[in-house]
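Geometric and topological summary
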Protein chains: 2
Amino acid sequence: MQYPLPIARLIESYMKLPGIGEKTATRLAFYTLDMPEDDVEQFSQALKDVKTLLHQCSICGNITETDPCQICRDSNRDHSTVMVVEQPKDVMAFEEMGEYDGMYHVLHGVLSPMEGIGPEDINIKSLITRLQKDDDIKEIIIALNSTPEGESTAMYIAKLLKPAGLKVTRLASGLAVGTDIEYANSITLKRAVQGRINL
Amino acid sequence: MQYPLPIARLIESYMKLPGIGEKTATRLAFYTLDMPEDDVEQFSQALKDVKTLLHQCSICGNITETDPCQICRDSNRDHSTVMVVEQPKDVMAFEEMGEYDGMYHVLHGVLSPMEGIGPEDINIKSLITRLQKDDDIKEIIIALNSTPEGESTAMYIAKLLKPAGLKVTRLASGLAVGTDIEYANSITLKRAVQGRINL
């Protein structure tokens, strides 16, 4: 005997989530069966809603319910600086920090020749168009992760933008606050020495 | 800035699943955002379906799309033996084994005074009614987990049924196949010695 079809289908769906194998998916499916009906109904609706109610902002590419997004519409923010990030989650991390009040541009990925992701697969074109249209933008902060893909994407964008006379910066790299020097990797240490500042 | 509402709601739903905290739920929600629309639609529908298409079999309590379930309707199976299990998953484990061809009775839980689960909260009453109605039933195999709750539920059921003259058995406990004696706990070893068999 196999699982009843509705259960089998739910197991299959759970297995499409990252880090969830067949055993966990089965456990989750049976757990779902015992959950209150309202919770399951809400869960089902929430899944539908993220796909139907959320869109990419036509200016910055961040996910939003309204277009343009809240940040792009906010006239109290500094519209002369644009921070280029990989994902919507990164925007949220910077917003949580609360110290940055400029604009964003969300690439939705980084260049990765290995995975066949080229410049036309991420929001680079829209960044160029945006910069051409908007003369107020003076500085681009590249805030991509320091993975090989992130670094080469940063280089690519910097090369594209510099001829236009824009100031292009990247985030400082070095020792994370709270990290022990003895456990830091050598690239991080190298960056920390290169970027040392006067006291 | 907080997460857009649809994302926040999906995070909340993921957090209702067992073993999923806020960080994982957030990761899953953003992952969902990037999933193909069809997959998310199927996921949403699968959640709805397990609650609407599946019901408890009116005879054995197992989850089923049809009533009575496939097993209860199967005249080729041995209707004189009923195996009492805690969950539908247990039925599937025994069916996968393929050696048992009797009936089942799914309790949907075990007695647990600590959690306020009494005899009326699980399918014990329906078991008694079933036994009173069906004279063909000769043996009850109690196949509950050997947790304290499982053991006391087994005792409770055995006490209820024995006066009716039914044969009540429980699964053999002992060393699991493949277990090292040095790592087995002492209760398991005790059971293995008590239940030793002639070679």
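Please read all numbers here as calculations on a predicted model, not as lab measurements.

Considering the relation of the copies chain A and chain B
Here the two chain copies are tied together by a rotation about an axis and a shift along that axis. In the superposition of chain A on chain B (RMSD 0.1 Å, axial shift 0.1 Å), the rotation amounts to 180°. Both copies are brought into coincidence by an operation consistent with a two-fold rotation axis. Looking at the rotation axis and the C-alpha trace of chain A, the residue lying nearest is serine 44 of chain A, at 2.2 Å. Comparing interface residues between copies, 100% of those in chain A also lie at the interface in chain B; the contact surface is shared.

A word on the environment of serine 146 of chain B
Residue and element names in this part refer to chain B. Along the chain, serine 146 falls in the loop between β5 (139-142) and α7 (148-161). Residues serine 146 and threonine 188 lie 42 residues apart in sequence; the distance between their C-alpha atoms is 9.9 Å. When residues no more than four places from it in sequence are discounted, the contact partners of serine 146 are Glu151 and Arg191.

Observations concerning the nonpolar core
Across soluble globular proteins, nonpolar side chains show a tendency to be buried alongside one another. Ranked by internal contacts, the top residues of the largest apolar core, which has 40 residues, are Tyr14 and Phe43 of chain A together with Tyr14 and Phe43 of chain B. Counting only elements with at least two residues in this core, the list comes to α1 (5-15), α2 (22-34) and α3 (37-52) of chain A together with α1 (5-15), α2 (22-34) and α3 (37-52) of chain B. Phenylalanine 43 of chain A has contacts with Tyr14 of chain A together with Leu10, Ser13, Tyr14, Leu17, Phe43 and Leu47 of chain B, leaving out every residue within four places of it along the chain.

A few points about the packing of aromatic side chains
Under the criterion given, the structure shown has seven aromatic pairs over all chains. With a centroid separation of 5.3 Å and 75° between ring planes, the pair formed by phenylalanine 43 of chain A and tyrosine 14 of chain B is classed as edge-to-face. Taken together, the positions of phenylalanine 43 of chain A in helix α3 and tyrosine 14 of chain B in helix α1 put the pair across two chains. Its relative accessible area of 0% is what places phenylalanine 43 of chain A among the buried residues. Ring geometry for tyrosine 100 of chain B against tyrosine 104 of chain B: centres 5.3 Å apart, planes inclined by 65°, an arrangement best described as edge-to-face. The exposure classification of tyrosine 100 of chain B matches that of tyrosine 104 of chain B, with both residues buried. Here the aromatic cluster, defined as three or more aromatic residues joined through ring pairs, consists of Tyr14 and Phe43 of chain A together with Tyr14 and Phe43 of chain B.

A few points about the UniProt feature "zinc finger region: C4-type" (unreviewed entry) in chain A
Sites flagged by UniProt as "zinc finger region: C4-type" (unreviewed entry) map to residues 57-72 of chain A. A distance of 8 Å separates the end C-alpha atoms of residues 57-72 of chain A, which is 19% helix and 12% strand.

Description of the confidence of the model for chain A
Residue and element names in this part refer to chain A. Confidence in the prediction of chain A, expressed as mean pLDDT, is 90, and 99% of residues score 70 or more. Per-element confidence in chain A ranges from a low mean pLDDT of 82 for helix α8 (residues 186-194) to a high of 96 for strand β4 (residues 103-106). Here the predicted complex carries an ipTM of 0.76, next to a pTM of 0.74.

Quick notes on the interface of chain A and chain B
Chain A puts 45 residues into the contact, and the matching count from chain B is 46 residues. For the pair chain A and chain B, the number of links is four salt bridges. Across the salt bridge formed by aspartate 39 of chain B and lysine 16 of chain A, the nearest N and O atoms sit 3.4 Å from each other. Our count for the chain A to chain B interface comes out at seven residue pairs in polar contact (both at pLDDT 80 or more). Taken together, the elements giving at least two residues each to the side of chain A that touches chain B come down to α1, α2, α3 and α5 (88-97) of chain A.

Digging into the side chain of histidine 105 of chain A
Residue and element names in this part refer to chain A. Considering the arrangement of structural elements, one finds histidine 105 in strand β4. Since its relative accessible area comes to 0%, histidine 105 is described here as buried. Within the structure, histidine 105 has its side chain in polar contact with the backbone oxygen of asparagine 123 (distance 3.1 Å). Beyond its immediate sequence surroundings of up to four residues, histidine 105 is in contact with Ile59, Cys60, Val82, Met83, Val84, Val85, Asn123, Ser126, Leu127 and Arg130.

Quick look at α2 of chain B
Taking 1.5 Å per residue, 13 residues should reach 18 Å; α2 of chain B reaches 19 Å between its end C-alpha atoms and fits that length. Along its buried surface, α2 of chain B packs onto α3, β2 (63-64) and α5 of chain A together with α1 and α3 of chain B.

What about the sheet that holds strand β5 (residues 139-142) of chain A?
Residue and element names in this part refer to chain A. Taking strand neighbours across the sheet as the criterion, the four strands line up as β4-β3-β5-β6 in an open arrangement whose pairing is parallel. Because the sheet does not close on itself, it has two edges, and the strands there are β4 and β6 (167-170). Each adjacent strand pair in this sheet contributes to an overall mean axis angle of 25°, direction not counted. Note that strand β3 (residues 81-85) and β5 share four bridges and pair parallel. Residue pairing across strands places threonine 81 opposite glutamate 139, the latter belonging to β5. Its contacts with the sheet put helix α7 (residues 148-161) on β3, β5 and β6, and the angle it makes with β5 is roughly 170°.

A word on the UniProt feature "domain: Toprim" (unreviewed entry) in chain A
Within this structure's numbering, the places UniProt gives as "domain: Toprim" (unreviewed entry) are residues 80-176 of chain A. Its end C-alpha atoms 28 Å apart, residues 80-176 of chain A is made of 35% helix and 18% strand.

Rules used in this analysis
- Residues numbered from 1 in each chain as written.
- Chains lettered and ligands numbered in written order.
- Predicted model: local features only at pLDDT ≥ 70, side-chain atom pairs only at ≥ 80, totals over all residues.
- Heavy atoms only, no water.
- Least-squares fit on C-alpha atoms with pLDDT ≥ 70 in both.
- Contact = heavy atoms within 4.5 Å.
- Helix = DSSP H or I, 4+ residues; strand = E, 2+ residues; numbered from the N terminus.
- Core = buried A, V, L, I, M, F, W, Y, C linked by side-chain atoms within 4.5 Å.
- Buried < 20%, exposed > 50% of the residue type's maximum accessible area, 1.4 Å probe, protein only.
- Phe/Tyr/Trp six-rings, centres within 6.5 Å; stacked < 30°, edge-to-face > 60°.
- UniProt positions renumbered as here; feature names shortened; annotations may be inferred.
- pLDDT = per-residue confidence, 0-100.
- Salt bridge = Lys/Arg side-chain N within 4 Å of Asp/Glu carboxyl O.
- Polar contact = N/O pair within 3.5 Å; in protein donor to acceptor, adjacent residues only side chain to side chain.
- Expected span 1.5 Å × (residues − 1).
- Pairing = 2+ DSSP bridges.
- Axes fitted to C-alpha atoms, helices over the stretch in contact; angles between N-to-C directions.

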